[in-house]
Amino acid sequence: MVVDEWSDETVDRLFHALADTTRRDILRRCVRAELSVSRLAEAYPMSFAAVQKHVAVLERAGLVTKQRSGREQLVRTDVDAVGRARQALDELESAWRGRVDRMARLLAEHPETEENDTTEGPER
């Protein structure tokens, strides 16, 4: 999927989820292994409910999935979703590089005259 095809809401959810240090850490932990929400909560100086909320934000953004295993819910990072975030950033970078290249071409086509040579200090 191309970023231009994503809704603003989708992109906002994705980057909102990635903007938080705890949520990025949860993603890293869940890439290494599927962890239960209770196991994740042990790693942070916050309540279980707070960790659940972080996981819910990641889930709404599509960055993690939860799967019930007995009494636990295992959290797994969706590597494809992380790749989509990378793609979004790559496409934004490409757009900006294109703008910079166009500006450089315009400046090269229309060089300004050097009427105001500022290499020497102001006259007194």
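Coordinates for the structure precede this section.
Cut-offs and rules
- For every chain, the first residue of the written sequence is number 1, and numbering continues from 1 along that sequence.
- Reporting of local features is limited, given that this is a predicted model, to residues whose pLDDT is at least 70; pairs of side-chain atoms are given and counted only at 80 or more, and all residues count toward the totals for whole chains, interfaces and linings.
- Based on all heavy atoms of the structure, the side-chain values leave hydrogens and waters out of the count.
- Helix and strand definitions follow DSSP, with helices as H or I runs of at least four residues and strands as E runs of at least two, each counted in order from the N terminus.
- Accessible area is worked out with a 1.4 Å probe on protein chains only. A residue is then buried under 20% of its type maximum, exposed over 50%, and partly exposed in between.
- Contact definition: two residues touch when any of their heavy atoms are within 4.5 Å.
- All accessible-area figures derive from a Shrake-Rupley calculation using a 1.4 Å probe, and residue coverage is judged against the displayed protein chains alone.
- Any carboxyl oxygen of Asp or Glu within 4 Å of a side-chain nitrogen of Lys or Arg constitutes a salt bridge here.
- Pairing between strands is defined by DSSP: at least two bridges between them are needed.
- Each axis is a line fitted through C-alpha atoms, taken for helices only over the stretch in contact, and angles between the N-to-C directions span 0 to 180 degrees.
- Stacked, tilted and edge-to-face are the three classes applied to pairs of Phe, Tyr and Trp rings, where Trp contributes its six-membered ring and a pair requires centres within 6.5 Å; stacked means planes under 30 degrees apart, edge-to-face means over 60, and tilted covers the rest.
- Counted as over-ring charges are cases with an Arg CZ or a Lys NZ within 6 Å of the ring centre that also lie within 35 degrees of the ring normal.

*Asks:* Could you clarify how one ought to interpret the overall build of the chain in this entry?
*Replies:* Helix and strand counts for the chain come out as 5 helices and 3 strands. Starting at the N terminus and walking to the C terminus, you meet the elements of the chain as α-α-β-α-α-β-β-α. Per-residue burial over the chain gives 25% buried out of 124 residues. Here the analysis covers contacts within the chain between residues at least 6 apart in sequence; of these, 53% occur between residues at least 24 apart. Carbon together with sulfur atoms contributes 49% to the accessible area of the chain, which is approximately 9,400 Å² in total.

*Asks:* Would you mind going over the pattern of salt bridges with me for this structure?
*Replies:* Side-chain pairing between opposite charges can occur once the charged atoms of the two side chains come close. Scanning the entire structure with this criterion turns up 8 salt bridges. Asp25 is paired through a salt bridge with Arg29; the nearest N and O atoms lie 2.7 Å apart. Of the two residues, Asp25 and Arg29 are both situated in helix H2 (residues 21–32); the distance of 4 residues between them amounts to about one turn of the helix. Taking relative accessible area as the criterion, Arg29 reaches 28% and is therefore assigned partly exposed. When the shortest N-O distance is used, the salt bridge between Glu59 and Lys66 registers 3.5 Å. Judged by its relative accessible area of 32%, Lys66 is partly exposed.

*Asks:* I'm lost on the sheet that holds strand E3 (residues 72–77) in this one. Help?
*Replies:* Hydrogen bonding along the main chain pairs the strands of a sheet, whether they run parallel or antiparallel. Ordered by their spatial adjacency, 3 strands build an open sheet running E1-E3-E2, and the pairing between neighbours is antiparallel. If you trace the sheet from one side to the other, it starts and ends with strand E1 (35–36) and strand E2 (64–69), each paired once. Bridge count between E1 and E3: 2 bridges; the pairing is antiparallel. Following the sheet pairing, Leu35 is matched in E3 by Val75. Contacts from H2 reach E1, E2 and E3, with the element oriented near 95° to E3.

*Asks:* Explanation requested: the environment of Val55 in the structure shown.
*Replies:* For Val55, the location among the structural elements is in helix H4 (residues 48–60). Judged by relative accessible area, Val55 falls into the buried class, the value being 0%. For the pair Val55 and Ile26, spaced 29 residues apart in the sequence, the C-alpha separation amounts to 7.8 Å. Apart from residues lying up to four places away in sequence, Val55 is in contact with Ile26, Leu40, Val64, Lys66 and Val75.

*Asks:* Which parts of the structure should I look at to understand the packing of aromatic side chains?
*Replies:* Here a ring pair, both rings aromatic, is described through the centre-centre distance and the interplanar angle of the planes. Per the counting criterion, the structure on display carries 0 aromatic pairs. The ring of Trp96 has Arg99 lying over it, and the distance from NZ or CZ to the ring centre is 4.7 Å.

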